[in-house]
Amino acid sequence: MKLRIFTEPQQGATYDDLLAVAKATERLGFDAFFRSDHYQRIGPGDPGPGSTDAWITLAGLARETSTIRLGTLVSPATFRLPGPLAITVAQVDQMSGGRVELGFGTGWFDGEHHAYGIPFPPLGERFSRWEEQLEIITGLWAADKDYSFEGAYYQVTDSPALPKPAQRPGPPIIIGGVGAERTPRMAARFADEYNVPFRSLEETGAAFERVRRLAERPMIYSVAQTVCVGADEAEVERRAAAIGHTSAQLREGGMAGTPSEVLDKLGRFAELGAERVYLQVMDLSDLEHLELIAAEILPHT
């Protein structure tokens, strides 16, 4: 099982904060650094310093790191047009030497759309646009010559389909969610990895099975869980309080406790078929937290 560090910069983080976490992620031997793609804080609290753009961040980190994978969990289809997004991801993939992955979804947080003038159509239309965007993005990356597409929402005519990403035919695509019908179909059609975010073992197993029934090619299965690890109970409580939770809440709904407790829960997710775990780190100033996980958990996964 591979452990990946997953951050939520919209809750308050500068590029320098993210750079420090990414460098620690690489130095300590984690597999990847991922970030959310949001433009506004979710929930109450100080909105400062404001979010940063996900792909500008990853472009910077592509030149500041050398081994870790880099990606989004997940970029909304509402934020960007498909052609420019294909160009952006391809360029960052080149800049990183082929280390980029695209987590991609419909978009869901209406508040940030309204706050920054981004259209937010109804869910059914967002799904349809997302599907067309996936068709276009993968088509542009894979095309050997000019590429065209005619859809209900997007039309592409004689595109040179450049630049090409370093990874061929393109960076891995991650699709997540627990929808019962359309999400499994989209994952089976387009995804290299299917991710279940912040769900129980029972819900995760059911979601994995829905995709397995449809997938006709190899698929990586993964989960995202909020992480809160302490060497003892007092440290677990301190870290939980720092992110606005109790240790009981995080044990129930996340990946929390002493290293032995967390290893046990990782093992139960592994039994369901999870090959990767995105550890959602909420306190980006606590690099000692990453060091503890790297020392006491990472060698045993």
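Predicted, not measured: the structure shown is a model, and the values here were computed from it.

Parameters at a glance
- Residues numbered from 1 in each chain as written.
- Predicted model: local features only at pLDDT ≥ 70, side-chain atom pairs only at ≥ 80, totals over all residues.
- Heavy atoms only, no water.
- Helix = DSSP H or I, 4+ residues; strand = E, 2+ residues; numbered from the N terminus.
- Buried < 20%, exposed > 50% of the residue type's maximum accessible area, 1.4 Å probe, protein only.
- Pairing = 2+ DSSP bridges.
- Phe/Tyr/Trp six-rings, centres within 6.5 Å; stacked < 30°, edge-to-face > 60°.
- Lys NZ or Arg CZ within 6 Å of the ring centre and 35° of its normal.
- Expected span 1.5 Å × (residues − 1).
- Contact = heavy atoms within 4.5 Å.
- Polar contact = N/O pair within 3.5 Å; in protein donor to acceptor, adjacent residues only side chain to side chain.
- Core = buried A, V, L, I, M, F, W, Y, C linked by side-chain atoms within 4.5 Å.

## Re the environment of His-300
Next, step 1: Relative to the assigned elements, His-300 resides in the segment after helix H11 (287-296).
Next, step 2: The exposed category is assigned to His-300, whose relative accessible area is 57%.
Next, step 3: Through-space distance from the C-alpha of His-300 to that of Phe-34 is 22 Å; in sequence the pair is 266 residues apart.

## Points about the pairing of strand E11 (residues 276-281)
Next, step 1: The buried fraction of E11 amounts to 6 of the 6 residues, a majority that puts the element mostly inside the structure.
Next, step 2: Note that strand E1 (residues 2-7) and E11 share 6 bridges and pair parallel. In the sheet register, Phe-6 faces E11, and the bridge partner there is Gln-280.
Next, step 3: In the sheet, strand E9 (residues 220-229) pairs with E11 via 5 bridges, with the strands oriented parallel. From the neighbouring strand, Ala-224 faces E11, where its bridge partner is Tyr-278.

## A short note on the packing of aromatic side chains
Next, step 1: Overall, the coordinates contain 8 aromatic pairs when judged by the stated rule.
Next, step 2: A centroid spacing of 6.2 Å and a plane angle of 70 degrees characterise the contact between Tyr-194 and Phe-208, whose relative ring orientation is edge-to-face. Remark: Phe-208 occurs in helix H7 (residues 201-214) and Tyr-194 occurs in strand E8 (residues 193-197); sequence separation between them is 14 residues.
Next, step 3: For Tyr-194, a relative accessible area of 0% gives the class buried.
Next, step 4: A relative accessible area of 0% means that Phe-208 is categorised as buried.
Next, step 5: Through a chain of ring-to-ring contacts, the aromatic side chains of Tyr-39, Phe-79 and Tyr-116 assemble into a single cluster.
Next, step 6: Directly above the aromatic system of Tyr-221 lies the positively charged group of Arg-212, at a separation of 4.8 Å from the ring centroid.

## Structural notes on helix H5 (residues 123-142)
Next, step 1: With 20 residues, H5 extends 28 Å from end C-alpha to end C-alpha; this agrees with the ideal 28 Å at 1.5 Å per step.
Next, step 2: Residues of H5 that are buried include every one of Arg-126, Phe-127, Trp-130, Glu-131, Glu-132, Gln-133, Leu-134, Ile-136, Ile-137, Gly-139, Leu-140 and Trp-141, and no others.
Next, step 3: Looking at the buried side of H5, the elements it contacts are helix H3 (82-96), strand E4 (100-105), strand E5 (147-150), strand E6 (155-159), strand E7 (173-176) and helix H6 (182-190).

## Quick notes on the side chain of Arg-276
Next, step 1: Residue placement: Arg-276 occurs in strand E11.
Next, step 2: The class of Arg-276 is buried, set by a relative accessible area of 13%.
Next, step 3: At 2.4 Å, the side chain of Arg-276 and the side chain of Glu-193 are in polar contact.

## Here's the deal with helix H2 (residues 54-64)
Next, step 1: Those residues of H2 lying buried are Ala-54, Trp-55, Thr-57, Leu-58, Ala-59, Leu-61 and Ala-62.
Next, step 2: Check the buried side of H2 and you find it contacts helix H1 (15-28), strand E2 (32-35), strand E3 (69-76), H3 and E4.
Next, step 3: With a side-chain oxygen lying 3.1 Å from the backbone nitrogen of Trp-55, the N-terminal cap of H2 falls on Asp-53.

## Some details on the nonpolar core
Next, step 1: Judged by nonpolar contacts, the single largest core of 72 residues is most densely connected at Phe-30, Trp-55, Ile-175 and Tyr-194.
Next, step 2: For this core, the element with the most residues is H5, which contributes 7 residues.
Next, step 3: In this structure, Phe-34, Leu-73, Ala-224 and Tyr-278 belong to the second largest nonpolar core, which totals 7 residues.

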